[in-house]
Amino acid sequence: MNAGTRSPIVGIDLGTTFSLIAVLEQGVPRLLPNAVGEFLTPSAVSMGDDGTLLVGAAAAARATTHPERTALAFKRDMGTERKLRLGDGGLELSPQELSAMVLAALKRDAEAALGVPVVEAVVTVPAYFDDVQRQATRAAAEIAGLKVERIVNEPTAAAIAYGLHHRDRELRAVVLDLGGGTFDVTVLEIMEGVIEIQSSAGDSRLGGGDFSAALAEWAAARREQAREPDLRSDRQGWARVLQAAEEAKRRLSEVETTRIVAPQVPVRGGARLDLDLPVTREQAEEAWAGLQERLRAPILRALGDAGLAPHQVDEVLLVGGATRMPCVVRLAAQIFGRLPLRSLPPDEAVAMGAAIQAALKEGDASVEDLVVTDVAPFTLGIETAVPFGRQFMNGAFAPILERGTVIPASRVQQFSTLADGQEAIRIAVYQGEHSLCRDNRRIGQYQVRVPRGPAGEQSVDVRFTYDLNGILEVETTVRSTGKVALLVLEQTPGRMSPKDVERARRAMAKLKFHPREALPNATALARGEALYLELTGSRRDELGYVLARFRAALDGQEATAIDACRLQVLQLVDALRRG
Ligand code: ADP
Ligand code: MG
């Protein structure tokens, strides 16, 4: 146990499905448990029956019973104006605010585990996140009372966790990250402690959840063949089957055969069905054939973009919980002709890397020889015109600082007037990878005055300086006059100002959260109630009895009685779920 007086910088993996928080202790990453004793905190927020907000495991347990009161997968909407409504009380929350709630819960968990306040953090984001999404993540952390020391790309963090930057030769690595709902492929080049992103590709609609769904479909088709009512005919019932398939899928990563078990599944017409279906790994993999095939395309695309053949890759890293599936390991081995690295728990590697990066930031002696630089996650440039016959076509994108450039970096390019007598040059700054500006994101613009003259006579040097905090400085120098103008772009669109952050922070402080120490009880209750809804007959009565005793104990506020009853609920839920 480390309860030193110094507050460490923590590393946070803010995931679509699960989030984690970790610190480096004596050179080793240590994951910190949440209020219910688990390392993986579901990225979920739910409005409880009493109007308090639940974050994490308790919220995730309510996703099937209270879908309209529960928000999931909000990371997908980071950086957009979308709002999610929780319940009918009219509480509308942005992806930023919801993420802030998850981050605040992680912060409290870390404080409870370490016994010191936690303020500074390194937070990871997908490599493809653009500036707006990164700023939204940073703002979420600030709303949660965290100061973001650094935003790090998830694949970079994974490579650090595996110590790839320590190898004393240049190497190329591919990170395959299959999470709950996303698949990200990143090609990295690692040289003298510098980790550069060469290319990234992915499928934002392909993840472990799809494998569970495919297995549930397989079960439904089986039962249909047996001339039984359709398992898909009732929404609640189908949610149960999906959960049973999820559990079976996880077991199949370890064993060759298992059963998909869901007692008393409601189906159309008020009937109930006992689902208990044996399934082999082979059968499951047949059902996943289409999904496995879909994993191939992004891998080949990322390799193609980096100009690499599979055999030129030195290491393949598997991260994301869904890479525990043997078929994914096999696919990776087949494509690359080598065994992938998977010695670290795949859902924990990113958080571990973030913790190491945090310690580095802190100047921790145990990581002093580690040099990691960041790279620009996207291309930055300005709008220009290109000659087209006797005319000029506006709207072409002229990159100045290319994606993948090691930052901090400074790049300069010269631009000239296009028309006779032109008095000003417009500098419109864009970020993105498309050749036309309209497909990229505009992040600022201004005008530079130039002396009149014939076309092409006057020119301007445009210098882009990009730092590790994602702040871009655009400096222009008019060649003929030496006049310098500076534009600092930290106020990109969608980015929250310190005032906005303060306002969001105050708004969050007004919301009522379920107290952290009561979360184990809330989680057990939510898990029990979720199951109670689905059962009938004696099993329902049995669970109802245990739940009633638990509620009575909670009312009585006697700690030992509460603990005993909670344990009883959890044990019974576990037993009933197994059928
Ligand atoms: P995120 O999407 O937040 O990055 P994770 O990397 O934690 O999430 O991945 C979550 C996914 O991993 C879920 O779809 C889950 O079903 C899957 N998963 C976790 N453990 C296993 C396992 N043992 N076998 C197969 N899939 C698993
Ligand atoms: Mg992840």
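Above this text you will find the structure in question.
Residues numbered from 1 in each chain as written. Chains lettered and ligands numbered in written order. Predicted model: local features only at pLDDT ≥ 70, side-chain atom pairs only at ≥ 80, totals over all residues. Heavy atoms only, no water.

A. Up close: the packing of aromatic side chains. Throughout the structure, instances matching the rule amount to two aromatic pairs. Both rings, one in Y128 and one in F129, keep their centres 5.9 Å apart while their planes meet at 75°; by these two values the pair is edge-to-face. Measuring from centroid to centroid gives 5.4 Å for F211 and W288, while their planes differ by 70°, and the two rings are edge-to-face. Here the residue F211 occupies a position in helix α5 (residues 208–225), and W288 occupies one in the loop between α7 (281–287) and α8 (289–305), the gap between them amounting to 77 residues. In this structure, F211 and W288 share a single accessibility class: buried. A cation over an aromatic ring shows up here: R540 above the ring of Y532, its NZ or CZ 4.4 Å from the ring centre. (Phe/Tyr/Trp six-rings, centres within 6.5 Å; stacked < 30°, edge-to-face > 60°. Helix = DSSP H or I, 4+ residues; strand = E, 2+ residues; numbered from the N terminus. Buried < 20%, exposed > 50% of the residue type's maximum accessible area, 1.4 Å probe, protein only. Lys NZ or Arg CZ within 6 Å of the ring centre and 35° of its normal.)

B. Summary view of the site of ligand 1. In the vicinity of ligand 1 there are 18 residues, among which T17, G180, E246, K249 and S253 approach most closely. A distance of 2.8 Å separates an oxygen atom of ligand 1 from a polar backbone atom of G180. A distance of 2.5 Å separates an oxygen atom of ligand 1 from a polar atom in the side chain of E246. Compared with its free state, where it exposes 580 Å², ligand 1 has 92% of that area covered by protein. For the shell around ligand 1, the secondary-structure elements that each account for two or more residues are α5 and α6 (235–252). (Near = heavy atom within 4 Å. Polar contact = N/O pair within 3.5 Å; in protein donor to acceptor, adjacent residues only side chain to side chain. Areas by Shrake-Rupley, 256 points an atom, 1.4 Å probe, with all protein chains shown as cover.)

C. Summary view of the sheet that holds strand β6 (residues 53–55). Strand order in the open sheet made by the three strands is β6-β5-β7, with antiparallel pairing throughout. The open sheet has two free edges, formed respectively by β6 and β7 (70–72), since each of these has just one partner strand. Strand-to-strand twist in this sheet, taken as the mean axis angle between neighbours without regard to direction, amounts to 15°. Pairing of strand β5 (residues 44–47) with β6, which is carried by three bridges, proceeds in the antiparallel orientation. For V45, the partnering residue across the bridge sits in β6 and is V55. Against the sheet, helix α2 (residues 95–114) contacts β5, β6 and β7, and its axis sits at roughly 65° relative to β6. (Pairing = 2+ DSSP bridges. Axes fitted to C-alpha atoms, helices over the stretch in contact; angles between N-to-C directions. Contact = heavy atoms within 4.5 Å.)

D. Quick look at the pairing of strand β15 (residues 257–266). Among the ten residues of β15, eight are classified as buried, and the element is accordingly described as predominantly covered. Taken together, the eight bridges between β15 and strand β16 (residues 272–280) define a ladder with antiparallel strand orientation. When the sheet's bridge partners are listed, P266 is paired in β16 with R272.

E. Structural detail: helix α4 (residues 154–161). The buried fraction of α4 is high, at eight of eight residues. Just downstream of α4 lies G163, where phi reads positive at about 70°.

F. Quick look at the nonpolar core. L176, L215, L231, I260, W288 and F336 are the most contacted members of the largest nonpolar core, which totals 50 residues. If near-sequence neighbours (up to four positions away) are discounted, L231 is found in contact with A219, A220, R223, G237, W238, V241, V265, V267, L273 and L275. In this structure, L98, A136, V148 and I151 belong to the second largest nonpolar core, which totals 46 residues. (Core = buried A, V, L, I, M, F, W, Y, C linked by side-chain atoms within 4.5 Å.)

G. The arrangement of the environment of D13 in detail. With respect to the helices and strands, the residue D13 is situated in strand β1 (residues 10–13). Accessibility expressed as a relative area gives 9% for D13, which makes it buried. Sequence spacing of D13 and V412 is 399 residues, and the spatial spacing of their C-alpha atoms is 35 Å. Those residues in contact with D13 that lie beyond four places of it in its chain are F18, S19, L20, T124, E154, D347, V350 and A351.

H. Main features of the pairing of strand β25 (residues 459–466). By the criterion of burial, β25 is predominantly enclosed, with six of the eight residues buried. Of the pairings in the sheet, the one linking strand β22 (residues 409–416) to β25 comprises eight bridges and is antiparallel in character. Across the sheet, residue Q413 finds its bridge partner in β25, namely V462. Sheet topology note: the β25/strand β26 (residues 472–478) ladder contains seven bridges and is antiparallel. Paired with V460 across the strands is V478, a residue of β26.

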